[in-house]
Amino acid sequence: MAVSETTNPNSQNVFMIIRKTLSRAVDMIGGTSMLIFLFRRILAAIPVLLAITLVTFVLSHLLPGGPFNAVGQRRMPEYLIQQLEEKFGLNKPLLVNTWNDGYFPDGDDWRIIGYRTEVHTEGGGARGDIHQVENEVLRIDLLDSQFFNYVWDALHLDFGPSLNVALRDQNVQVSEEISKRLPVSIQVGVFAVLLGFVIGIPLGVLAAVYHNTLIDYGAMFFAVMGQSVPNIVLGPILIIIFAVELGWVPVIDQQNQWREGPELSLYYLKILALPVLALGTGMSAGIARLTRASLLQVLHEDYVRTARAKGLRERVVIYVHALKNAMIPVATIVGPLLAAVLTGTFVVELIFTIPGLGKVFVDSVAARDYTMIMGVSLLYSIFLIAGNILVDIMYTWLDPRIRFD
Amino acid sequence: MAVAEGAEPISLEEESIHKSANPWADAWHMFRRNKASVISLITIIVIVFVAITATFWTKAGLIDARTGAKARHTINPVNQTAQDAYPDPGICARDGQGQNPYWCGWLDDESLAVVQDRYCFRAAPDVNQKQWCYVLGGDSQGKDWLSQTIYGAQVSLSVGFVGATMALLVGLVYGVISGYYGGRVDNIMMRIVDFMYGIPYLVLVILLQVFFTEIAREYQDSERGGFVGFVLDLNQDMGGLLFLFFALGVLSWIGMARLARGQVLSYREKEFVEAARAVGAKDRRIIFVHLLPNIMGPLIVAETQQIPGYIFTEAFLSFIGLGVQPGTPSWGAMISEVRTRGGFFSNRHILLVPSLALVITTLSFNFLGDGLRDALDPRLRGT
C-alpha cells in the first residue's frame, strides 16, 4: 500500500493522459459512431472466419493422402502411421464424433456430456513424494472431433504443431513458422505497394494534366503494358536482364538476408530490387490509371473552375485544389491492395525463391500439412477481411459526407 | 451524350443502311474510333482462329503436341555439356549443317528417326522422307516449341472466355435476383457474398486444384463408372481444363454479383421501370425488357477487363504445376521450364516464345476492354 500511495499523484496523471489519448484516438478514427461501426464489422467477421475455417478444413482433409503418407515421402510402416495419427489427434472423426464413428474418448463409453477422469502424476524430487491425482474433466463427446478440437485450440491461439515431415520432428509450431515467414512476405509486399504509389501517382497526374497529348498516351501505354505483363513473365525477364546478363544483383539470396530482415545495406537493396520491381510495376499501372481517371473527373468540377476563374496559377489549381480530392478513390485501394499484395507475393516468392508465406503454403499443401494449411489460409482471410474494413474506414476519413449510422 | 450525337452524322455518311442510331450501333461506332481496340480485336480474332485450327498449323511441325506421341525421342548427350543439351534454334545455323538453318530432323511414316550431331539433327538422307523443322526450338522431350505455343492458345483462350462467361452468367442471375427482390432475400444473398469475399481466392483455387489433380491421377489407375467416371473422362479429354474452369469459377462471380445488384438497384426505382409497372408489366418483363438491356453494358465491360486475370491465374497455376495436366501445352507450364532447364542462362527461347504469346494476348484483351468501356459505358468514357 505504501508504494501505491507514494506514486498516487503520478499514476493519476498517467490515468488522465491515457484518458485523453484514448478520447483523442476515438475522435481520430471518426467518433463513437465509427467505433460502433468498427465493433459491428469485427463481430460480423467472426462467423465468416468460422465458416472459412470449416471450408478450408474440409477441403484440406479431402485431399487424397495424409501428412504421413504424402507423395514423395518415405513409406512408413502402418503401425507407425497409426501412432503418429494418435499423437496428433488425426485418428479422431473429422467433423462430429457420433457413436457410429466408433471413436470413444473414454474407453468404451460414449456420452453426449459426461466426465472423464484424468490422472496426473505430481511430486517427485524436491516437490515431495510421487503421488497420482485424479481430476474430473467435463467432456462433450459429440464435439471431440478434429474440427472442434482445432477450433477450440485456435480460439486459444494455439494453431498446433506443423505436420510437415521436416518440421514436425523438431516440434515446430505453426504460429512459430508463420511468424518467421510472414515478415519476409511483408517486406516484399510493403515495398511493392510503396513503389506502386511512387511510380503510379506521378504518372497518373502527368497523364491527366497533359490529357490527350503524347505524355498521356505514353503513360497510359505503360499502364496497360504493366497490367498485361504477368509476374511469371516479368520475373524471369528481370532475372535474365539484371541478374544473369548485367550481374547487378544476385539471382537468389545467398546470405539468408530475407530471414534476417530489413537493413540499410547495399546487399539488401539488391535482393529486394527485382521482386519489388516485378510486383510493384503491375500495381503502379493500376494506380496510374485510377489517379488519371479520378483527377480528370475532378478537373471538371465547379470549384476547380472557380479556382481558375479567380486567376490562380494552373499549378496551384491542380496540386492544391484538385489533387487532394482526386486522391480519395486512390487512397481507398490501399486496403484491397495490401490484402492483394499478400497473395501477389505468392507468385513472386515462387519465382524468386523467397522463403515467405506463399512458399510455405504451397509446400504445406503438397505435404498435406493440415495445420499449416489452416494457419496460412486463416491468416490470409484475416488480412482480407481487415483490408475490406480498412476501405470503409478510409472512405469516412477522406470523404466526411459518408457516415455509417 | 455529346460524343454520341457527334458520331451520328458520321455513321449516316459512312453507312446509309443504318435505319436509326440504336445504342448498339452507337457503341460500334464509338468502338471503331479507338484504333488500339480495333487492332486488339483483330489480334484476338486471329489468335482464336489459329487456336481453333491448331491441328492444321502444327501439321508442318508434325508434332501432336497434345499427346506428344510421335515426338518423344531421346537426345544423347554426346560431347555435350548440360547447358547445350537442347540447342537454341540459332545454333544450327552457326554450325552450318547445310540446308537446314533450324533445329531439324526428319520423320518416317510412323517412327521418328533422328541422327544427332554435336548440336544439330542432320538433314534427312532420303529425299522422300518428310522434313520438319523446329522453327522456334524444342523442349526437353523433343516437342516443337511453336506447336506447343499454338496449342497453348487453346488453353488460355478457353480459360479466359469460359471464366468470363461463367462469372457473367452466375453473377448476373445472382445479382439481379438479389437486387430486384430486395428485402430479406437481398440480405441473405449479400451475406453469402460477403462471406465469400473473405475467402482468399488463390488459396482456395490452389486447394481445389490439388484436390482435382490428385483425383484425376488416382482415376488413371482405377476404372470408375457412372457420373463421376463420365466427368473424370471428360476432364481427361480436356487435359484437366474442366476442373480448372470449376476452380476458377467458384469465387470469380462474386464481384459480378455485387456489380449487377448495384446496377439493378440504381435502375429499379427509375421512372421508366415505374411506368412499366404502372401499365401492369410482370416482373419477368421488367427484368428482361427494361432492366437487362440497361445494365448489360457495364457488366460486359467489367467482365472483359477480368479476362486477363483468368488467363494470368491459369498461367500461374500451370507454372507451379497445378494447372492443366502435364503434357497439355499451356503457356504457364512452358514458362515454368525456364527453371527446370536452366533457361535463365541459355535456351532463352523457352521463355521468350510463350511469354510473347501471353503478353500479346492479355495486351489485346486489355485494349479491347478499354475500347468496349468507351463504347458501352458512356459514364466511364475516357477514364
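Everything numeric in this text was worked out from a predicted model, so none of it was measured.

1. Looking at the overall build of chain B
Helix and strand counts for chain B come out as 14 helices and three strands. For chain B, with 383 residues in total, the buried portion stands at 42%. For chain B, the share of sequence-separated contacts (at least 6 apart) that also reach a separation of at least 24 residues comes to 71%.

2. Remarks on the overall build of chain A
Looking only at helices and strands, chain A has 16 helices and two strands in total. When the 405 residues of chain A are sorted by exposure, 33% land in the buried category. Look at the contacts in chain A between residues 6 or more apart in sequence, and 69% of them connect residues 24 or more apart.

3. Some points on the interface of chain A and chain B
Each partner contributes residues to the interface: chain A has 35 residues there, and chain B has 37 residues. When contributions to the side of chain A that touches chain B are tallied by element, the ones reaching two or more residues are α3 (31-62), α8 (214-228), α9 (231-245), α11 (266-299), α14 (334-351), α15 (357-366) and α16 (370-398) of chain A. Along the lines of polarity and charge, the residues of the side of chain A that touches chain B split into 28 nonpolar, seven polar and no charged.

4. Considerations on the nonpolar core
Grouped together as the largest cluster of nonpolar side chains are 150 residues, with contacts concentrated most on V376 of chain A together with V205 and M256 of chain B. For this core, the element with the highest residue contribution is helix α6 (residues 145-181) of chain B, accounting for 16 residues. Excluding residues within four positions of it along the chain, M256 of chain B makes contact with A167, L168, G171, L172, G175, L299, A302 and E303 of chain B.

5. Examining the confidence of the model for chain B
Residue and element names in this part refer to chain B. With 65% of its residues at a pLDDT of at least 70, chain B reaches an overall mean of 71. Summarising per-element confidence for chain B, the mean pLDDT is lowest in helix α5 (residues 89-95) (35) and highest in helix α3 (residues 35-52) (89). Contacts from residues 59-132, a stretch scored under 50 in pLDDT, to residues over four places away or in other chains number 124 contacts. For this predicted complex, the interface confidence score (ipTM) comes to 0.78, while the overall pTM stands at 0.78.

6. Some remarks on the confidence of the model for chain A
Residue and element names in this part refer to chain A. Mean pLDDT over chain A stands at 78; residues scoring 70 or higher make up 84%. Across chain A, α8 holds the top mean pLDDT of 88, while helix α1 (residues 2-6) sits lowest at 49. Segment residues 1-5 is flagged for pLDDT under 50; beyond a separation of four residues in sequence, or across chains, it makes zero contacts in the model.

7. A few points about the packing of helix α7 (residues 174-209) of chain A against α8 of chain A
Residues and elements named next belong to chain A. It is at 8 Å that the axes of α7 and α8 come closest, and there the two elements cross at 145°. Here α7 and α8 pass one another in a crossing that is left-handed. Where α7 abuts α8, its residues L203, L206 and A207 lie against I215, D216, A219, M220 and F222. When grouped by side-chain class, the residues that make up the contact of α7 with α8 number seven nonpolar, no polar and one charged.

8. Concerning the packing of α9 of chain A against α11 of chain A
Residues and elements named next belong to chain A. Across the interface, α9 lies against α11 with an axial gap of 9 Å and an inter-helix angle of 140°. As far as their axial angle goes, α11 and α9 are oblique. The handedness of the crossing between α9 and α11 is right-handed. Every residue of α11 that contacts α9 at N231, L234, G235, L238, I239, F242 and A243 is listed here: L274, L277, A278, L279, T281 and G282.

9. Re the environment of Q257 of chain A
Residue and element names in this part refer to chain A. Relative to the assigned elements, Q257 resides in helix α10 (residues 257-260). Its 19 C-beta neighbours within 10 Å are what place Q257 among the partly exposed residues. Between the alpha carbons of Q257 and I271 there is a distance of 8.0 Å; along the sequence they are 14 residues apart.

10. Looking at the environment of V190 of chain A
The topology assignment puts V190 of chain A in helix α7. Sequence spacing of V190 of chain A and G280 of chain A is 90 residues, and the spatial spacing of their C-alpha atoms is 9.6 Å.

11. What about α15 of chain A?
Residue and element names in this part refer to chain A. Where α15 is concerned, the buried positions are L357, G358, V360, F361, S364 and V365. Buried residues in α15, looked at end-on, bunch into an arc of 160°, giving them a common side. Where α15 terminates, the next one or two residues include R368, which has phi positive at roughly 55°.

12. Details of the environment of V391 of chain A
All names here are of chain A. Tracing the chain through its elements places V391 in helix α16. The exposure class of V391 is partly exposed, given the 17 C-beta atoms found within 10 Å. As a C-alpha pair, V391 and V244 span 147 residues in sequence and 41 Å in three-dimensional space.

Reading the values: rules and limits
Residues numbered from 1 in each chain as written. Chains lettered and ligands numbered in written order. Predicted model: local features only at pLDDT ≥ 70, side-chain atom pairs only at ≥ 80, totals over all residues. Helix = DSSP H or I, 4+ residues; strand = E, 2+ residues; numbered from the N terminus. Buried ≥ 20, exposed ≤ 12 C-beta atoms within 10 Å, placed from the backbone. Contact = placed C-beta atoms within 7 Å. Nonpolar A, V, L, I, M, F, W, Y, C, P; charged D, E, K, R; others polar. Core = buried A, V, L, I, M, F, W, Y, C linked by C-beta atoms within 7 Å. pLDDT = per-residue confidence, 0-100. Axes fitted to C-alpha atoms, helices over the stretch in contact; angles between N-to-C directions. Left-handed = near helix turned anticlockwise from the far one by under 90°. Parallel < 35°, antiparallel > 145°, perpendicular 65-115°, else oblique. Arc of directions from axis to C-beta.

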